[in-house]
Amino acid sequence: AVKIPESVETIGASAFMDCSSLKEIVLPQKLTSIDANVFTGCTSLRRVTIQEYVTSIALTGFIICKQLEEFIISPANSKYCSVDGIIYNSRKSILYMVPAKVKISDLVIDKKVKKIEKGAFRGCQTIQSIVIPSSITKFNDYTFEDCKNLRKINIPEGTTEIPFFFLSGCSSLEEITLPESLSFILMKAFDGCSALRRISLPRNVSVIVGGFDGCDD
């Protein structure tokens, strides 16, 4: 366990990286930013409480936190909020980060959400199906990488590109719906999706760059 002094306002990059036995950390009230890889590899960490003055959380701050169940955001925080342990911006229009063991198996993303940040679901172990609303048509790299138990997902109409490593390592993925608007499937988008037996490619797809590497079956 670690209790950080109240005088601390920033936790610098990689400060607690690979502290694999760390289960509990108390963040100070005056903390404003959590930098890159601060808790990466903290494989015993279960929950994180983020106080009201935090306005910057690096997207790589909690990679490989395999036991992380929830983020708790202070109701007084003006930039972030949490719903079911997931970090959103205060308006719930941007989904930032999903803990690896979030207590949800079937996630329906709210129609208010317009953007999913890069790597937001990376390493999530509990979600089995995701419904993405039509409000999201542009995606970032690594969005669902290594979601080992994800079985079903849809990609909304209006999406033109499946980015790098988009569903890479989703070894349980059995079903995916691709939109007719799709044109590009980029490098390793479905790499290692070994449970995917069949996929229908829309007629507008003109570029596939190694998108299905590792789909051996």
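Here, every reference points to the structure presented above.
Residues numbered from 1 in each chain as written. Predicted model: local features only at pLDDT ≥ 70, side-chain atom pairs only at ≥ 80, totals over all residues. Heavy atoms only, no water.

Draft legend 1. Quick peek at the packing of aromatic side chains. Per the counting criterion, the structure on display carries 8 aromatic pairs. Considering the side-chain rings of F16 and F39, the 5.7 Å spacing of their centres and the 5° angle between planes classify their relative orientation as stacked. Of this pair, F16 sits in the loop between β2 (10-11) and β3 (25-26) while F39 sits in the loop between β4 (33-34) and β5 (47-50), placing them 23 residues apart in sequence. Taken as a pair, F16 and F39 share a single burial class, namely buried. Arranged with centres 5.3 Å apart and planes meeting at 75°, the rings of Y80 and Y96 form a pair that is edge-to-face. Here the residue Y80 occupies a position in strand β8 (residues 80-83), and Y96 occupies one in strand β10 (residues 94-97), the gap between them amounting to 16 residues. Here Y80 matches Y96 in class, with each residue buried. Three or more aromatic residues joined by ring pairs form one cluster here, namely F16, F39, F62 and F71. The cationic tip of R122 hangs over the ring face of Y142; the distance from NZ or CZ to the ring centre is 4.7 Å. (Phe/Tyr/Trp six-rings, centres within 6.5 Å; stacked < 30°, edge-to-face > 60°. Helix = DSSP H or I, 4+ residues; strand = E, 2+ residues; numbered from the N terminus. Buried < 20%, exposed > 50% of the residue type's maximum accessible area, 1.4 Å probe, protein only. Lys NZ or Arg CZ within 6 Å of the ring centre and 35° of its normal.)

Draft legend 2. Representation of the sheet that holds strand β14 (residues 152-154) within the structure. The sheet built from 4 strands is open, its strands ordered β11-β13-β14-β16 with parallel pairing. Two strands bound the open sheet, and with one partner strand each, they are β11 (106-108) and β16 (175-177). The mean inter-strand angle of the sheet, taken between neighbouring strand axes irrespective of direction, is 10°. (Pairing = 2+ DSSP bridges. Axes fitted to C-alpha atoms, helices over the stretch in contact; angles between N-to-C directions.)

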